[in-house]
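Okay, here's what each chain looks like letter by letter:
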Amino acid sequence: MKTYAPSRKEGPLDDFTDYRKQGGIAVITFENPPVNALGIDLRKGIAEAIDKAAAADVTALVLTGGGRCFSGGADIREFGSPSIEPMLRGVIDRAESSSKPVVAAVHGVAFGGGFELALGCHFRVAAPSAQFALPEVKLGLIPGAGGTQRLARLIGPEKALGIVLTGDPVGAEDARAMGIVDEVAGGDLVAAAVAFAEARVADGSVLKRACDLDAPKPPDGFFEGQRKKIERRARGLIAPWHCIDSIENAVTLSFDDGMKKEREYFVECRESDQSKAQRHIFFAERQAAKIPDVPKDIAPRQIETAAVIGCGTMGGGLAMNFANAGIPVRVVETDPEALEKGLGVIAKTFEAAVSKGRLTDADRETRMGLIQGTTDYADIADADIVIEAVFEEMDVKKQVFAVLDQTCKPGAILATNTSTLDIDEIAAATERPEQVIGTHFFSPAHIMRLMENVCGRKTAPETIATVMNMAKTIGKVGVLVGNADGFVGNRMYHCYTRQANFLLEEGALPQQVDRVLFDFGFTMGPFAVGDVAGLDVGWRIRQRRAATRNKDERYSPIGDRICELGRFGQKTGAGWYRYEEGSRAPIPDPAIEDIIVDVSDELGIERRDITDDEIRERCLYTLVNEGAMILQEGLALRSSDIDVIWIYGYGFPIHRGGPMFHADRVGVKVVHEALSRLYDIHGELLKPSPLLEEMARDGRTFEDLQKEKTK
Ligand code: NAI
């Protein structure tokens, strides 16, 4: 271990670490805004400060973060580069092996490496608002600096696994109850930590080194039970399984061996494509919030009150989003019965959350209190934003927008949740098209995180900035897209399901297509999704468009035939599958197979064996192809935006990083070759787009393209 020559200076050791004496205690403050990421500079500074304190005339050390938190964790931008000493594990070892008491004073977040550093200290004093988490699993990783080994030894494997497997934060009081935190201190945190350290020196407390503790044995079968529990959720993933393995090691192996294994798992995860995909999405999500056309000096408007028009499937969820974020919201319905019904569904949804232990009764009451129903538009005159979620009919939407324009205060944003209609046409029903924008939420709207924000021709930058900012406030991921048929997500989804339907005509069955895409990692295959969402919605849209459909383009009639039988999916007990009373498990239905085979006959298609590879290629590469066209048309700003849309709106497996990232991994050339081959067989709808063609020729990836654009 390299040691640093202790300097005599008090105060800043370097740009990142401050060292000063408070009484007989060394207070080490590290700072690397905005979240004190533990990059190399910070690690060096902390290591040096610990060494300095070891040699100095002090009796104990307090380690704390400057600015708004203790530390948000490792600097994941360093992941691609060779490791530089001192590594975080070494810094933590230094703290833990100190012969003088080391106290972590934690405010704000102690996440990931930040939490691991705090765990290496002998004691932890926390501000009441402090939060602790090991969120590595969300990036396809496991904690790699002793987090699994120390935490399991400190609080036992059951509680530790809960923290490691969910990645979710634990508040200061809960952390104290679990034994993570020794004292929760209001007021001046550093002063409290110094006092705590002085008391430990005075009473000669034994230093609590987590590495020296024995992790208590959990009940027999605990780890096996945990593995069973995550079977479905963690299918295809590496990290969650290694989280369990590593916590189990804390019980069965020595600390050193457990650390060795933790490191092996960490490196395996870090180098895996899945963690790279998850890290890609982590950055992509943040990137999506940056809109080049919105000047920096445009400030988003504050949303203090909101209104939702229509309290059906989507409107109810939208109202809940605002209430969950503490924003009062008024919901407008056409008549008292519809209103009562809609509000009843909201109340039931909150009640279900309470009975599942996800919400306290008090919170439910507060949130319900924030939602008020009305049938009078005059009641929403003061709302800062109105989101319309009425029937998907242009005339109805236009009428609603004309009324909103008359009723709502100047400057109020008028948004529409339409999933298919032209934003400009809706905006034209008002005198304020600059304040009209699409906010396309996904069902169930209170759960799905995507908000596809659709920019009209006249939408003002301030409107865009406000809606993008609001997405964050209500816990959504906003992505800005252009106004075109289906926007970005549904336009691509249409291509995807179209290929799935063609595959049925050619020889596959819904259960085969769904299995292949489920195995790829989708939450559900396209036919199972259709049954959940309701097949009548798409059917109505197809009927409306039938007159203008290009008759030369291949069209599969199977979906229409199924709807003609009144099979609209789960809500009618049958769709692409059949369902037993009270069950949501799809059961393959011979009646559907008959319909499919009949259609193949009518179309003169000879049914053949369809391989799983073909299903993957046709469904997934068509997505990539359409994504490339969307990029070329400028409907999406970046390929990573398309990835975010697919992860958060369509259940694309996060460990594959979205369709465009997936194409880069497979190789754009490979995707292009496959599409060229399929185009020769199946024609126009699988023709490689010009952009894909060009990229394959030049050997460029979507990531290259994005980098070139942001240069
Ligand atoms: P829905 O039929 O469940 O609800 C529509 C509600 O609007 C009904 O309760 C109706 O009484 C009310 N309504 C109709 N005209 C009204 C008016 N003039 N003033 C006030 N209320 C009125 O429909 P859903 O599914 O909630 O869809 C709403 C919008 O959201 C549509 O534009 C749809 O395309 C879009 N959308 C739907 C998704 C879904 O999965 N259901 C997903 C994304 C967008």
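About the cut-offs
Residues numbered from 1 in each chain as written. Predicted model: local features only at pLDDT ≥ 70, side-chain atom pairs only at ≥ 80, totals over all residues. Heavy atoms only, no water. Pairing = 2+ DSSP bridges. Helix = DSSP H or I, 4+ residues; strand = E, 2+ residues; numbered from the N terminus. Patch = residues over 30% accessible without salt bridge, like charges linked within 9 Å, V, L, I, M, F, W, Y side chains within 5 Å. Areas by Shrake-Rupley, 256 points an atom, 1.4 Å probe, with all protein chains shown as cover. Salt bridge = Lys/Arg side-chain N within 4 Å of Asp/Glu carboxyl O. Lys, Arg positive; Asp, Glu negative; His and termini not counted. Charge placed at Lys NZ, Arg CZ, Asp CG, Glu CD. Buried < 20%, exposed > 50% of the residue type's maximum accessible area, 1.4 Å probe, protein only. Near = heavy atom within 4 Å. Polar contact = N/O pair within 3.5 Å; in protein donor to acceptor, adjacent residues only side chain to side chain. Nonpolar A, V, L, I, M, F, W, Y, C, P; charged D, E, K, R; others polar. Domains from an automatic or database assignment. Contact = heavy atoms within 4.5 Å. Buried area = accessible area lost by both parts, 1.4 Å probe. Axes fitted to C-alpha atoms, helices over the stretch in contact; angles between N-to-C directions. Parallel < 35°, antiparallel > 145°, perpendicular 65-115°, else oblique. pLDDT = per-residue confidence, 0-100. Core = buried A, V, L, I, M, F, W, Y, C linked by side-chain atoms within 4.5 Å. Disulfide = S-S within 2.5 Å. Arc of directions from axis to C-beta.

1. Focus on the sheet that holds strand E4 (residues 60-65)
Hydrogen bonds between backbone atoms are what pair the strands of a sheet, whose relative direction is either parallel or antiparallel.
Then, in step 1: Pairing within the open sheet is mixed, and its seven strands lie in the order E1-E2-E3-E4-E5-E7-E10. Here the strands that pair on one side only, and so sit at the sheet edges, are strand E1 (11-12) and strand E10 (183-184).
Then, in step 2: Pairing analysis gives six bridges linking strand E3 (residues 25-30) to E4, with the strands arranged parallel. By the bridge assignment, Val27 is partnered in E4 with Val62.

2. Focus on a negative patch on the surface
Then, in step 1: Together, Glu593, Asp594, Asp598 and Asp601 make up a negatively charged patch on the protein surface.
Then, in step 2: Structurally, the position occupied by Glu593 is in helix H23 (residues 590-602).
Then, in step 3: By relative accessible area, Glu593 is classed as partly exposed at 36%.

3. Regarding the site of the ligand
Then, in step 1: In the vicinity of the ligand, 22 residues are found, and the nearest of them are Met314, Glu333, Glu392, Lys397 and Ser419.
Then, in step 2: In this structure, an oxygen atom belonging to the ligand sits 3.4 Å away from a main-chain N or O atom of Val390.
Then, in step 3: Within the side chain of Lys397, one N or O atom sits 2.5 Å away from an oxygen atom of the ligand.
Then, in step 4: Isolated, the ligand exposes 820 Å² of accessible area, and the fraction of that covered by the protein chains is 78%.
Then, in step 5: Among the residues making up the shell around the ligand, the classes are represented as ten nonpolar, nine polar and three charged.

4. Quick look at the domain arrangement of the protein chain
Then, in step 1: When its domains are assigned, the protein chain resolves into domain 1 (17-268), domain 2 (306-486) and domain 3 (490-710).
Then, in step 2: When each unit is reduced to the centre of its C-alpha atoms, the spacing between domain 1 and domain 3 is 45 Å.
Then, in step 3: Contacts between the two partners involve four residues from domain 1 and, on the opposite side, six residues from domain 3.
Then, in step 4: Taken together, the two surfaces of domain 1 and domain 3 that pack against each other cover about 370 Å², and 48% of this comes from carbon and sulfur.
Then, in step 5: The largest per-residue losses of area from domain 1 upon contact with domain 3 belong to Arg232, Arg235 and Leu237, which jointly make up 88% of the total buried on that side.
Then, in step 6: Counting across the interface, domain 1 meets domain 3 through two residue pairs in polar contact (both at pLDDT 80 or more).
Then, in step 7: In the side of domain 1 that touches domain 3, the residues fall into one nonpolar, one polar and two charged.

5. Topic: the pattern of salt bridges
Then, in step 1: Enumeration according to the criterion identifies 53 salt bridges in this entry.
Then, in step 2: Notably, a salt bridge pairs Arg227 with Glu248, separated by 2.7 Å at the nearest N-O pair. Here Glu248 lies in helix H9 (residues 239-252) and Arg227 lies in helix H8 (residues 222-230), a separation of 21 residues in the sequence.
Then, in step 3: Residue Arg700 pairs with Asp698 through a salt bridge whose shortest N-O separation is 3.4 Å.
Then, in step 4: Asp698 gets classed as partly exposed once you look at its relative accessible area, which sits at 39%.
Then, in step 5: Each of Glu505, Glu506, Arg554, Arg608, Glu614 and Arg618 takes part in one network of salt bridges that share partners.

6. Examining the environment of Ala177
Then, in step 1: Relative to the assigned elements, Ala177 resides in helix H6 (residues 172-178).
Then, in step 2: Ala177 sits 92 residues away from Glu85 along the chain, and the two C-alpha atoms are 36 Å apart.

7. Here's the deal with the sheet that holds strand E12 (residues 329-332)
Then, in step 1: Within the open sheet, the eight strands sit side by side as E13-E12-E11-E14-E15-E16-E17-E18. Their pairing is mixed. Taken across any chain shown, the strands that pair with only one partner, and hence form the sheet edges, are strand E13 (371-374) and strand E18 (477-482). This sheet shows a mean twist of 25° between the axes of neighbouring strands, independent of strand direction.
Then, in step 2: Of the pairings in the sheet, the one linking strand E11 (residues 306-309) to strand E14 (residues 385-388) comprises four bridges and is parallel in character. Directly across from Ile309, in E14, lies its bridge partner Glu388.
Then, in step 3: Contacting E14, strand E15 (413-416), strand E16 (436-441), strand E17 (450-455) and E18, helix H17 (residues 461-473) runs over the sheet at an angle of about 175° to E17.

8. Things to note about the packing of helix H24 (residues 612-632) against helix H28 (residues 690-698)
Then, in step 1: Between H24 and H28, the least distance of the axes is 7 Å, while the angle of their chain directions is 100°. When the axis of H24 is compared with that of H28, the two are roughly perpendicular. Judged by residue contacts, Val624, Asn625, Ala628, Leu631 and Gln632 of H24 engage Pro690, Leu691 and Leu692 from H28.
Then, in step 2: In terms of residue class, the contact of H24 with H28 is made up of six nonpolar, two polar and no charged.

9. A short note on the confidence of the model for the protein chain
Then, in step 1: Mean pLDDT over the protein chain works out to 95, with 99% of the residues at or above the 70 mark.
Then, in step 2: Confidence drops under a pLDDT of 50 for residues 1-8, and excluding neighbours within four residues, the segment shows 18 contacts in the predicted structure.

10. Some words on the side chain of His107
Then, in step 1: Position of His107 among the secondary structure elements: in the loop between strand E5 (102-106) and strand E6 (109-111).
Then, in step 2: Reaching out from His107, the side chain makes a polar contact with the backbone oxygen of Gly67 at a distance of 2.8 Å.
Then, in step 3: In terms of polar contacts, His107 uses its side chain to reach the backbone amide nitrogen of Cys69, at 3.2 Å.
Then, in step 4: With sequence-adjacent residues up to four places away left out, His107 is seen in contact with Thr64, Gly65, Gly67, Arg68, Cys69, Phe70, Ala127, Ala130 and Leu189.

11. Some thoughts on the nonpolar core
Then, in step 1: By size, the foremost hydrophobic cluster in this structure holds 89 residues, and its most contacted members are Val386, Val488, Trp576, Ile642, Trp646 and Phe702.
Then, in step 2: When residues in this core are grouped by element, the largest group, nine residues, is from H24.
Then, in step 3: Taken together, domain 2 (306-486) and domain 3 (490-710) each give at least three residues to this core, which thus spans both.
Then, in step 4: Once residues within four sequence positions are removed from consideration, Trp576 is found in contact with Asn501, Leu504, Pro510, Phe527, Asp531, Leu535, Ile558, Gly559, Ile562 and Ile592.
Then, in step 5: Core analysis: the second largest hydrophobic core is formed by 69 residues, Ile28, Ile163, Phe223 and Cys269 among them.

12. Here we look at the state of the cysteines
Then, in step 1: All told, the structure shown has zero disulfides when counted by the stated rule.
Then, in step 2: Residue Cys121 stays outside any disulfide, its sulfur separated by 12 Å from that of Cys211, the closest cysteine.
Then, in step 3: A residue is classified by how much of its surface remains accessible, and Cys121, at 1% relative accessible area, is buried.

13. Digging into H28
Then, in step 1: Along H28, the residues classified as buried are Leu691, Leu692, Met695 and Ala696. Taken down its axis, H28 places every buried residue within 130° of arc, on the same side. Projecting away from the buried face of H28 at angles above 90 degrees are the exposed residues Pro690 and Arg697.
Then, in step 2: Residue Gly699 follows H28 closely and has a positive phi angle near 70°.

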